[in-house]
Amino acid sequence: MPVVRVLSKVAKQVLLAPACGCQPLAVAVRNISFSPRQVTSGTDASFHSVSFSETDHPKVLITGGLGQLGVGLAKLLRKRFGKNNVILSDIRKPPSDVFHSGPFIYSDILDYKNLREIVVNNRITWLVHYSALLSAVGEANVPLARAVNITGLHNILDIAAEHGLRLFVPSTIGAFGPTSPRNPTPDLCVQRPRTIYGVSKVHAELMGEYYHHRYGLDFRCLRYPGIISADSQPGGGTTDYAVQIFHDAVKSGKFECNLKPNTQLPMMYIDDCLRATLEVMEAPTETLSMRTYNINAMSFTPEELAAEVQKQLPDLQVTYNIDHMRQAIADSWPMNFDDTNARNDWGWKHDYDLPELVQTMFNFIGSDSRIAQAS
Ligand SMILES: NC(=O)c1ccc[n+]([C@@H]2O[C@H](COP(=O)([O-])OP(=O)(O)OC[C@H]3O[C@@H](n4cnc5c(N)ncnc54)[C@H](O)[C@@H]3O)[C@@H](O)[C@H]2O)c1
Ligand SMILES: C[C@@H](O)[C@H](N)C(=O)O
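In short, a report on the structure. Everything quoted here is computed from the prediction, not taken from an experiment.

Points about the pairing of strand β1 (residues 60-63)
Every second residue of β1 is oriented toward a common face, with V60 and I62 on one face and L61 and T63 on the other, all of them buried. Across three bridges, β1 lies against strand β2 (residues 86-90) in parallel orientation. In the sheet register, L61 faces β2, and the bridge partner there is I87. Here β1 pairs with strand β4 (residues 126-129) via four bridges, running parallel.

This is how it looks when you write it as C-alpha cells:
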C-alpha cells in the first residue's frame, strides 16, 4: 500500500479513537521514520512515546532556566534525581554560583537544531519549558513575545514529540481575560485574554493538548498564579509588585505600588509552585483526567499584603502610583482560582497562605540583608 494511503488510514483510526488511541499512529509512523520537521500536508509525523524505565530516572532539560523560577526548580529536581541529571539552559550568562551548582548549557529555543542536539546528546527524557516573555514585557515588545512564546513553543513541541519526552509547559492566570468568570475561575471556561502573553499561553495549552490527543505527547501543564520568591527576581509581569514590596520594605521602609489597593489576584509562594510542578510531572498518567490544571494557594490585594507586611514592619509606608497598562491587565485576570480538579486528581495541596508567605519572605530577606551587612 502506498505510504500516503497507509498514513491517511492510520490518521482516520486515530481521529476516531479516544485520547489513549494515539499509540497506533506512533508505532505505524515510527517505522517509516519521519521527523516532525519533515511533515508535509496530508502526512503525519514520527512521534515516540516515552518508556516507563526512562521516566523512572528522568534526564531533565529546563529552558529559560535563569528566570525567577528555573534555578529553584533545578535545585529541587537535582535533590531528587541527582545533580547531573538536571541541565539548566538559557540565552543569558549564568551567575557564578548557578554555573558551579550543576550542568548549565546555552540554548536559544528559537534555534531548533541546537535544541535537538542538546536533547539527543544528553539523552533528555523530561523537558521543562520555562522560556517566555511575561505579561508586561510582552506588551512592550509584541514581535519578540510572539517569537519566543509561540514560535519557540512550536520548536519545543516538535522536539518533545519527536524524541518521546515528557513535556511541562507552565501556563498562567494570564491565560484568562475579561470575559472569563473571575471569582472563581474554573479550569474550563471562556478564555479570551487581551495580552500577547495570555494569547500565547492559551495557544500553548491548546497545542500541547492537541499533540497529546493526536500524537500521544506526554504534555503536562499547570496554570500558575503570580509567584512570590525571595532569592530570585520576577521577569517583568503584572504580579511583580508582590515581590518588590518585601525588598523595598526592608531596604527603605517605603513602597510605591503600581496596582490599585483593591486589585485582587491569585498568588503562590515559589516552594509550592515548584513542588506542584514536580508532583504533576511524577503523577501517574491515569490520575490525570486533564492535561492543563489551575493550581491555587491564596488571593490577596495590595492593601491586604501591605497590612500583613506591616505586622512585621509597622513603619512601612505604602503609596500608590498606578501603571495603567498593568492595572488593565490585572483587572482582566482571575481574582480567585478554582483548582478543585488538581486537588482531586493528583492530590495538589498548597502549604503557604498569606501569613506563612510573609513570615518566610522576611526570614529569607532578613537573613540575606544581615549577611550583606556583615560582609
Ligand atoms: N513567575 C510567575 O509569576 C509566573 C506565573 C505564571 C506562569 N509563569 C511561567 O513560568 C515560566 C517561568 O517564569 P519566570 O518567572 O521564571 O520567567 P522569567 O521572565 O523570569 O524568565 C524567563 C527566561 O526565559 C529566557 N528566555 C527569553 N528568550 C529566550 C530564548 N529565545 N531562548 C531561551 N530562553 C529565553 C530569559 O532569558 C529568562 O531567563 C514562564 O513560562 C512563565 O510564563 C510564571
Ligand atoms: C502571573 C504571571 O504569569 C506573571 N507573574 C505575570 O504577571 O505576567
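That shown, we press on.
Focus on the site of ligand 2
In the region of ligand 2, the neighbouring residues are L134, S135, T172, I173, Y197, G237, T238, T239 and W333. S135 is positioned such that a nitrogen or oxygen atom in its side chain is 2.6 Å from an oxygen atom of ligand 2. In the environment of ligand 2, an oxygen atom lies 2.7 Å from a nitrogen or oxygen atom belonging to the backbone of T238. In the complex, the protein chains occlude 92% of the 250 Å² of accessible area that ligand 2 would expose alone. One can see that ligand 2 is located within the largest pocket. When its residues are assigned to classes, the shell around ligand 2 shows four nonpolar, five polar and no charged.

Quick word on the pattern of salt bridges
As enumerated under the stated definition, the model contains 13 salt bridges in all. When the shortest N-O distance is used, the salt bridge between R223 and E205 registers 2.7 Å. In this pair, R223 sits in strand β7 (residues 218-224) while E205 sits in helix α9 (residues 196-215), placing the two residues 18 residues apart along the sequence. Residue R223 is classed as buried on the basis of its relative accessible area, which comes to 2%. Residue class for E205 comes out buried when judged on its relative accessible area of 3%.

Details of helix α8 (residues 142-162)
With 21 residues, α8 extends 29 Å from end C-alpha to end C-alpha; this agrees with the ideal 30 Å at 1.5 Å per step. Two or three places before L144, at the opening of α8, N141 has a side-chain oxygen 3.2 Å from that residue's backbone nitrogen. Immediately beyond the C-terminal end of α8, within one or two residues, lies G164, with a positive phi of roughly 65°.

Observations regarding the environment of N85
Assignment of secondary structure puts N85 in the loop between α4 (70-81) and β2. Assessed through its relative accessible area of 28%, N85 is described here as partly exposed. Considering only alpha carbons, one finds N85 and L61, 24 residues apart in sequence, at a separation of 8.5 Å. With near-sequence residues (within four places) excluded, N85 lies in contact with P58, K59 and V60.

Description of the environment of C189
With respect to the helices and strands, C189 occurs in the loop between β6 (171-172) and α9. Counting along the chain gives 13 residues from C189 to F176, while the straight-line C-alpha distance between them is 8.7 Å. When near neighbours in sequence (up to four residues on either side) are disregarded, C189 contacts F176, S180 and P181.

A word on the site of ligand 1
Close to ligand 1 lie 26 residues; Q68, D90, R92, D108 and Y197 are nearest. A distance of 3.3 Å separates an oxygen atom of ligand 1 from a polar atom in the backbone of G67. Measuring from an oxygen atom of ligand 1, one finds a side-chain N or O atom of D90 at 2.6 Å. Relative to its unbound accessible area of 830 Å², ligand 1 is 93% covered by the protein chains. Mapping ligand 1 onto the cavity grids shows that it belongs to the largest pocket. Looking at the shell around ligand 1, the elements with two or more residues in it are β6, α9 and β8 (226-228). Looking at the shell around ligand 1 residue by residue, the class counts come to 13 nonpolar, nine polar and four charged.

Calculation criteria
- Per-chain numbering applies: the sequence of each chain, read as written, is numbered from 1 onward.
- A letter from A marks each chain and a number from 1 marks each ligand, given out in the order of writing.
- A pLDDT threshold of at least 70 governs which residues receive local features in this predicted model, and a stricter bar of 80 or more applies before side-chain atom pairs are shown or counted, although totals over entire chains, interfaces and linings include all residues.
- Hydrogens and water are ignored here; the side-chain numbers use all heavy atoms of the structure.
- Burial classes follow relative accessibility: with a 1.4 Å probe on protein chains only, a residue under 20% of its type's maximum area counts as buried, one over 50% as exposed, and anything between as partly exposed.
- Numbering goes from the N terminus for both helices and strands, where a helix is a DSSP run of H or I of at least four residues and a strand is a run of E of at least two.
- Note on pairing: DSSP must find at least two bridges between two strands before they are called paired.
- Consider each residue's heavy atoms; a residue with any of them within 4 Å of a molecule or strand counts as near.
- Whenever two N or O atoms come within 3.5 Å, that pair is a polar contact, provided that in protein one can donate a hydrogen and the other can accept it, and provided that, for residues adjacent in sequence, both atoms are side-chain atoms.
- Residue burial considers only the protein chains on display, and all accessible areas are found by Shrake-Rupley using a 1.4 Å probe.
- The pocket and cavity definitions rest on a 1 Å grid over protein atoms only: a 1.4 Å probe that fits but cannot leave marks a cavity, an open set with protein on both sides within 12 Å along at least five of seven lines marks a pocket, and residues lining either have an atom within 4 Å of a point.
- The rule for placing a molecule in a cavity or pocket is simple: more than half of its atoms must lie within 2 Å of the grid points.
- Nonpolar residues are Ala, Val, Leu, Ile, Met, Phe, Trp, Tyr, Cys and Pro. Charged residues are Asp, Glu, Lys and Arg, and all others, Gly as well, are polar.
- Salt bridge, as applied in this entry: a Lys or Arg side-chain nitrogen positioned within 4 Å of an Asp or Glu carboxyl oxygen.
- Expected helix span is given by 1.5 Å per residue-to-residue step, counting one fewer step than there are residues.
- Any two residues whose heavy atoms approach within 4.5 Å at even a single point are treated as in contact.

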